[in-house]
Amino acid sequence: MIHLHALVALVALVAPTWVACDPQLGRVLELDATLDTPDSSDTPDAPDTSPCDPGFWSCTASGCDPITALVPGRDAACVLLASGRTVCWGRPGPGLFGDHIAGTTYVPPHVSDAGFSAFALGADLACGLDEAGVACRGDNYYGALGPDVSPRGSLDLVPITPAPQGAALALGAPGTACLVADAKATCWGLVLDGAEEDEAGFTKGAPTPIEGLPTQDLQLGLGAFFGCGWSASAVACFGSNLHAQLGIGQGIAGDAAARPVALDALPPGPELAVAVGATHACAARGGTLACWGELAPSSDELAWTPRVIATDLPEPVALAAGRHFTCASLGPDRHLRCWGALAAPPLTGVERLAAAFDHALVQTAAGVFELGVVSAALDPIAAPTAPVCAVDG
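About the cut-offs
Numbering of residues begins from 1 in every chain and follows the order in which that chain's sequence is written. Since the coordinates come from a predicted model, pLDDT governs what is reported: local features require at least 70, and pairs of side-chain atoms require 80 or more to be given and counted, while whole-chain, interface and lining totals use all residues. The basis for every side-chain value is the complete set of non-hydrogen atoms in the structure, without hydrogens or water. Aromatic pairs are defined between Phe, Tyr and Trp rings, using the six-membered ring for Trp, whenever the two ring centres lie within 6.5 Å; interplanar angles under 30 degrees are classed as stacked, those over 60 as edge-to-face, and all others as tilted. Any residue under 20% of the maximum accessible area for its type is buried, any over 50% is exposed, and the rest in between are partly exposed; the area is computed with a 1.4 Å probe on protein chains only. Each helix is a run of DSSP H or I of at least 4 residues and each strand a run of E of at least 2, with the numbering of both proceeding from the N terminus. What makes two residues a contact is simply this: any of their non-hydrogen atoms within 4.5 Å. Disulfide assignment relies on a single distance test, namely cysteine sulfur atoms paired within 2.5 Å. Salt bridge, as used here, is a side-chain nitrogen of Lys or Arg placed within 4 Å of a carboxyl oxygen of Asp or Glu. In this analysis, strands are considered paired if DSSP registers two or more bridges between them. Fitting a line to C-alpha atoms yields each axis, with helices limited to the stretch in contact; the angle taken between N-to-C directions then spans 0 to 180 degrees. We call a set of buried residues a nonpolar core when its members are Ala, Val, Leu, Ile, Met, Phe, Trp, Tyr or Cys and they connect through side-chain atoms within 4.5 Å of each other. Definition of a polar contact: a pair of N or O atoms within 3.5 Å, with one able to donate and the other able to accept a hydrogen when the atoms are protein atoms, and with sequence-neighbouring residues admitted only if both atoms are side-chain atoms.

The description of an aromatic ring pair uses the distance of the two centres, along with the angle that the planes make with each other. Taken as a whole, this structure holds two aromatic pairs when the rule is applied. Judged by centre distance (5.6 Å) and plane angle (10°), the ring pair of phenylalanine 116 and phenylalanine 119 falls under stacked. Among the residues examined, phenylalanine 116 registers a relative accessible area of 5% and is labelled buried. Here the aromatic rings of tyrosine 141 and tyrosine 142 are separated by 4.8 Å at their centres, their planes lie at 85°, and the arrangement is edge-to-face. The partly exposed category is assigned to tyrosine 142, whose relative accessible area is 22%.

Below, the structure written as structure tokens:
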């Protein structure tokens, strides 16, 4: 299913009407046009209007609050706003939104004034980064919240580790979290690191450095029981290889690799774009898209090494992957194209793209679309109008 999420109750600014933003609802309100409009020369604190991007809760009493990140999870999704607020919707796991209600479907969305500079949402875990560092909440069966928290988890944010601003977060299934800062990755929860392993070969617990990843401009993505780190020129994957998701060949690392293993058979070209899905990953370079792992829900679709999926593509602006699908925004018009289980609607002007599990989030000038693998029918929840935000004097 495809949903268009956009700011509700936006109104056009038509002189001499004044508009103001309701900070509680995060929406633009139209004031009575029959009221006398103050003369700006006599009112130094008169409102300063400016255009706001369409999207959830895209204004505050002090001005615009645009989306800075799309954050899909398993059964829920969020957007992170410039103010640090998160706006989330869907059917999250217990406690992911910080309440006691399990199985709730959030429509309209749940808004949190968390003050995060980075935010990630997994299957049963949510983590955010603020000035104090990384904090997480949700399920603790795999130790992502530390030994002092019950395996049932926590509804409150639990401090995990200090981190610099500008760091990145990634969450995987079922309970892995990673922090990327200063070209280094640190992971906790269910982590394959070759030490103190449980019967499945995975470590549960405290933040552990992941050695052997590319060190220049490191980026990281996590799937189910595996992850990949990459730079502009190299990719290395670690964790489970049960579904061929390491991309290094059958039986080379057994069922898992405790240390990242570099991939050699990647498309040639100047710069890599990489995306990590649930049980596969893809890399695009030089107009070629190659993927490895479980590309479809069948053992016949295991690509043990990178398999060319498409050629002669425009250079991707963004690349994202979920369960058995991969999407990219391509070319100067940034049009959307998907391969696998997800059908792409005719969207252009893609500004942001993210995917996880069975859905993808796509931001354009018209708002944020949620694309699901069940249906490709456009089903707008709230269409945007002229987005205008005003600063209250």
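This paragraph deals with the environment of lysine 184. Counting through the fold element by element, lysine 184 comes out in strand E17 (residues 184-191). Under the relative-accessibility criterion, lysine 184 is labelled exposed at 60%. Along the primary structure lysine 184 and proline 214 are separated by 30 residues, whereas in three dimensions their C-alpha atoms are 8.6 Å apart. If we skip the residues at most four places from it in the chain, lysine 184 touches Leu179 and Leu218.

As a further point, take the state of the cysteines. Tallied over the full model, the rule gives six disulfides. Each disulfide pairs two cysteine sulfurs, and for cysteine 78 the partner residue is cysteine 88, the sulfurs being separated by 2.0 Å. Its S-S torsion of about 110° marks the bond between cysteine 78 and cysteine 88 as right-handed, since a negative value means left-handed. Of this pair, cysteine 78 sits in strand E8 (residues 76-81) while cysteine 88 sits in strand E9 (residues 86-90), placing them ten residues apart in sequence.

To continue, consider the pattern of salt bridges. Per the counting criterion, the structure on display carries four salt bridges. Between arginine 74 and aspartate 124 there is a salt bridge whose closest N-O contact spans 3.2 Å. Taken together, the residues arginine 74 in the loop between strand E7 (67-72) and E8 and aspartate 124 in the loop between strand E11 (118-121) and strand E12 (125-130) connect sequence positions 50 residues apart. The partly exposed category is assigned to arginine 74, whose relative accessible area is 32%. Among the residues examined, aspartate 124 registers a relative accessible area of 23% and is labelled partly exposed. Aspartate 358 is the salt-bridge partner of arginine 323, the closest N and O atoms lying 2.9 Å from each other. Of this pair, arginine 323 sits in the loop between strand E27 (316-321) and strand E28 (325-330) while aspartate 358 sits in the loop between strand E30 (352-356) and strand E31 (359-364), and the two are 35 residues apart along the sequence. Here arginine 323 falls in the partly exposed class, since its relative accessible area comes to 31%. Here the salt bridges share partners, and the residues they tie into one network are Arg74, Asp75 and Asp124.

Counted residue by residue, strand E21 (residues 235-240) has six buried out of six residues, so it is predominantly covered. In this structure, strand E20 (residues 226-230) lies alongside E21, joined through five bridges in antiparallel fashion. If you follow glycine 229 over to E21, its bridge partner there is alanine 236. If you look at the hairpin formed by E20 and E21, you'll find four residues sitting between the two strands.

Attention shifts here to the environment of proline 209. With respect to the helices and strands, the residue proline 209 is situated in strand E18 (residues 203-210). Judged by its relative accessible area of 49%, proline 209 falls in the partly exposed class. A sequence separation of 23 residues divides proline 209 from threonine 186, and the C-alpha atoms of the two residues are 4.3 Å apart.

Turning our eyes to something else, we now look at the sheet that holds strand E23 (residues 273-276). Here four strands make up an open sheet; going across it, the order is E23-E24-E25-E26 and the pairing antiparallel. A single partner strand is all that each edge strand has here, and the edge strands are E23 and strand E26 (302-310). Within the sheet, the average angular offset between the axes of one strand and its neighbour, ignoring direction, is 15°. Pairing geometry for E23 and strand E24 (residues 280-285), over four bridges, is antiparallel. Bridging across to E24, alanine 275 finds its partner in cysteine 282.

Let us now look at the nonpolar core. Formed by 20 residues in total, the largest nonpolar core has its most connected members in Leu125, Cys127, Val134, Cys136, Leu169 and Trp188. For this core, the secondary-structure elements that each account for two or more residues are E11, E12, strand E13 (133-138), strand E14 (154-161), strand E15 (168-172) and strand E16 (176-181). Not counting chain neighbours up to four residues away, the residues in contact with tryptophan 188 comprise Val134, Cys136, Ala144, Ile160, Gly175, Thr176, Ala177, Cys178, Leu179, Gly205, Ala206 and Pro207. Listed in part, the 16 residues of the second largest apolar core include Cys228, Leu263, Val274 and Ala281.

The next thing to look at is the environment of phenylalanine 357. Its location among the elements puts phenylalanine 357 in the loop between E30 and E31. By relative accessible area, which is 15% here, phenylalanine 357 ends up buried. Contacts of phenylalanine 357, omitting those with residues within four sequence positions, involve Gly73, Arg74, Gly122, Ala123, Ala173, Gly322, Arg323 and Phe325.

Here the focus is the side chain of histidine 359. When you line up the elements, histidine 359 lands in strand E31. For histidine 359, a relative accessible area of 7% translates into the label buried. Only 2.6 Å separates the side chain of histidine 359 from the backbone oxygen of glycine 73, close enough to count as a polar contact. Polar side-chain contacts of histidine 359 include one of 2.9 Å to the side chain of glutamate 370. Sequence-distant contacts of histidine 359, that is, excluding residues within four places in its chain, are made with Pro72, Gly73, Arg74, Ala76, Ala77, Phe325, Glu370, Leu371 and Gly372.

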